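An overview of the molecular structure
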Amino acid sequence: MKIKLIRTGGFLPITREAETEVNLSDTQVKQLLEVIQPDRISSPVKDGHYYLLEIGTSSTSIDLEKVPAEYKALFSKLKNDLRIIK
Amino acid sequence: MLAKLMESDNKKVADMAVNTNFRSYRFRNDRIFFQKASLRDKKILGLIAKQTGIDVMQMEVYDCKQKTDLAGAALLWDTKNNQKITSLAGKNVIKGGKASWDFYRQLFGRNSIDNKGLLIKQYVHYDKGMDNAYWDGRRMVYGDGDGTVFTSFTNDIDVIGHELTHGVTENEANLNYENQAGALNESFSDIFGIMIKQRFNNQDVKKSNWLIGEKVLIGPKYALRSLKAPGTAYINHPELGSDPQPATMDKYQNLPNTNSGDWGGVHINSGIPNFAFYVAAYNMGGFAWDKAGRIWYAVLIDKSFLQNANFVDVKNLTIVHAEKLYGINSREAIAVKQGWAEAKV
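Here the structure is a predicted model, which means the values were calculated and not measured.

How each quantity is defined
Residues numbered from 1 in each chain as written. Chains lettered and ligands numbered in written order. Predicted model: local features only at pLDDT ≥ 70, side-chain atom pairs only at ≥ 80, totals over all residues. Buried ≥ 20, exposed ≤ 12 C-beta atoms within 10 Å, placed from the backbone. Helix = DSSP H or I, 4+ residues; strand = E, 2+ residues; numbered from the N terminus. Core = buried A, V, L, I, M, F, W, Y, C linked by C-beta atoms within 7 Å. Domains from an automatic or database assignment. Contact = placed C-beta atoms within 7 Å. Nonpolar A, V, L, I, M, F, W, Y, C, P; charged D, E, K, R; others polar. Pairing = 2+ DSSP bridges. Axes fitted to C-alpha atoms, helices over the stretch in contact; angles between N-to-C directions. pLDDT = per-residue confidence, 0-100. Parallel < 35°, antiparallel > 145°, perpendicular 65-115°, else oblique. Expected span 1.5 Å × (residues − 1). Arc of directions from axis to C-beta.

1. Let's talk about helix 9 (residues 292–300) of chain B
The element helix 9 of chain B is extensively covered by neighbouring structure, given that 8 of its 9 residues are classed as buried. Taken together, the buried positions of helix 9 of chain B are Ala292, Gly293, Ile295, Trp296, Tyr297, Ala298, Val299 and Leu300 of chain B.

What follows is the structure, given as structure tokens:
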């Protein structure tokens, strides 16, 4: 399946995206999304970046700091590949 | 006219007229009082911040070594030890942090971000090629930029002043980070950021180009934002397209209050109050921080400045404070009104 990492926000609010093909089962995806769910925040970080993971037609807010060890390389690659979307 | 309305049979009209009459009495009396008030009286009333805590700048600079673990960052420099450093980003934030601290202390008597001598913490080389700078509620964090579109976010003193001002705002009006209040939050950071740079470079309103982040965005024709002409900081940039900021209220952008909608366009619609400030400061002449900056700072620390304030609230408050500080029909009060009129607020 195709997954897309989307980064929004920042001092200059621009969107960057990167996508890749992964071989994950629905259960694995569900578990991953549960683990990388961001904490509820009372107020957004001023000028902060935000990450979303798009799988199929749905996108979910994620916290990259929570990515489990087995997925680190995947997300690191996606992060390095982020390209500006006009 | 008002007296007639106060006696109206229509309860709504009468209520409104009584309230208006009451407010104008209050403002008239306030103005008379503040025109006569001594410096000491103004200090007691909080118009000039009290000196509290340790009255010397305290700062620590950390090196994240291109990682995202702030807790694991290494201390690079602090005011106590004044270490010799080679990191340009480190040197930049020390210079910018000092300029910002001096700006608030020397002009407004403010003792650091919280007015209680808060230790300023700055983190450089955050993440690999991160094209951003942010205030996380406790500290300022800067990335090195991707090297193709952006350089280090420490390269412009106005960006450093912008981030530090987010801390000041959080300790004062604590404006919500969404919609118009969020755009005002961003605007106060841009306004004080540009004034910190202008003061550091000894530039008056005519000499300044009013650009934020002109070194951060690579290319001689580009900057991150323009207070003088919002929407022109970058035009037809090969990667970014064109600056989306409006300068006037009729071009206000209604964006979704989500992370991808920039929380209702806080970095977009900030162009409107930014432009109002630019026009006001330009029409006052001289150095922006002398008069316009004093008015905007008085608003920022005004206890009636609410978290969910909108552009009209700030327009009214800046007029009230301009008249309090410089008098009704003063050049400064007129310039403030002209600023908001030009921005069509």
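2. Considering the nonpolar core
Judged by nonpolar contacts, the single largest core of 94 residues is most densely connected at Tyr123, Tyr142, Phe277, Ala280 and Ala281 of chain B. Of all the elements, helix 8 (residues 271–284) of chain B adds the most residues to this core, at 10 residues. Viewed by domain, this core spans two of them, domain 1 (59–171) and domain 2 (204–342) of chain B, each represented by three or more residues. Excluding residues that lie within four positions of it along the chain, phenylalanine 277 of chain B makes contacts with Ile191, Leu227, Ala292, Trp296 and Gly339 of chain B. Leu32, Ile36, Tyr51 and Leu53 of chain A belong to the second-largest nonpolar core, a separate cluster that totals 10 residues.

3. Section: the domain arrangement of chain B
Residues and elements named next belong to chain B. Domain annotation of chain B identifies domain 1 (59–171) and domain 2 (204–342). Relative to domain 2, the C-alpha centre of domain 1 lies at a distance of 23 Å. Taken together, the contact pairs 13 residues of domain 1 with 12 residues of domain 2. If you tally residues by element for the side of domain 1 that touches domain 2, the top one is helix 5 (residues 157–171), at 4 residues. For the side of domain 1 that touches domain 2, the per-class residue count stands at 6 nonpolar, 5 polar and 2 charged.

4. Observations concerning the sheet that holds strand 3 (residues 49–55) of chain A
Residue and element names in this part refer to chain A. Here we have 5 strands laid out as an open sheet, ordered 4-3-1-2-5, and antiparallel in their pairing. Edge positions in the open sheet fall to strand 4 (58–62) and strand 5 (83–85), since each of these has one partner strand only. Going from strand to strand, the sheet's axes swing by 30° on average, the running direction of each strand aside. As defined by bridge partners, strand 2 (residues 15–21) adjoins strand 5 across 3 bridges and the pair is classed as antiparallel. Across the sheet, arginine 16 pairs through a bridge with isoleucine 84, a residue of strand 5.

5. Brief notes about the environment of proline 13 of chain A
Tracing the backbone through its elements, the reader meets proline 13 of chain A in the loop between strand 1 (2–9) and strand 2. Placed 27 residues apart in sequence, proline 13 of chain A and arginine 40 of chain A show a C-alpha to C-alpha distance of 21 Å. Among all residues touching proline 13 of chain A, those that are not within four sequence positions of it are Thr8 of chain A together with Asp262 and His267 of chain B.

6. What about the sheet that holds strand 2 (residues 74–78) of chain B?
All names here are of chain B. Pairing is mixed in the open sheet, where 5 strands are placed in the order 2-1-3-5-4. The open sheet has two free edges, formed respectively by strand 2 and strand 4 (133–135), since each of these has just one partner strand. The sheet shows a mean angle of 20° between the axes of neighbouring strands, taken without regard to direction. Sheet topology note: the strand 1 (residues 59–63)/strand 3 (residues 120–124) ladder contains 5 bridges and is parallel. Following the sheet pairing, tyrosine 62 is matched in strand 3 by tyrosine 123. In the packing of helix 4 (residues 88–108) onto the sheet, the strands contacted are strand 1, strand 2, strand 3 and strand 5 (140–142), and the crossing angle to strand 3 comes to about 155°.

7. Section: the confidence of the model for chain B
Residues and elements named next belong to chain B. Per-residue confidence for chain B averages 91 on the pLDDT scale, and 85% of its residues sit at or above 70. Note on residues 23–32: pLDDT is under 50 here. Beyond four places in sequence and across chains, it has 5 contacts. Interface confidence for the predicted complex, given as ipTM, is 0.95, next to a pTM of 0.87.

8. Digging into the pairing of strand 1 of chain B
The pairing of strand 1 of chain B with strand 2 of chain B spans 4 bridges and is antiparallel. Pairing of valine 61 of chain B across the sheet is with tryptophan 77 of chain B, part of strand 2 of chain B.

9. Things to note about the interface of chain A and chain B
Counting residues at the interface gives 20 residues for chain A, matched by 21 residues for chain B. Of all the secondary structure elements, the ones that give two or more residues to the side of chain A that touches chain B are strand 1 and strand 3 of chain A. Looking at the side of chain A that touches chain B residue by residue, the class counts come to 8 nonpolar, 8 polar and 4 charged.

10. Points about the packing of helix 4 of chain B against helix 6 (residues 179–200) of chain B
When two helices pack together, their arrangement is given by the angle between their axes and by how far apart the axes lie. Residue and element names in this part refer to chain B. Between helix 4 and helix 6, the shortest axis-to-axis distance is 10 Å and the interhelical angle comes to 100°. Classed by the angle they form, the pair helix 4 and helix 6 counts as roughly perpendicular. Contacts between helix 4 and helix 6 involve Ala99, Ser100 and Phe103 from the first element and Ile196, Arg199 and Phe200 from the second. A breakdown of the residues in the contact of helix 4 with helix 6 according to their chemical character gives 4 nonpolar, 1 polar and 1 charged.

11. Things to note about helix 11 (residues 331–342) of chain B
All names here are of chain B. Between the first and last C-alpha of helix 11 there are 16 Å, a value that for 12 residues agrees with the 16 Å anticipated at 1.5 Å per step. Of all the positions in helix 11, only Glu332, Ala333, Ala335, Val336, Gly339 and Trp340 are classed as buried. Seen end-on, helix 11 carries its buried residues on one side only, within an arc spanning 160°. Considering only its buried residues, helix 11 is in contact with helix 8, helix 9 and helix 10 (311–326).

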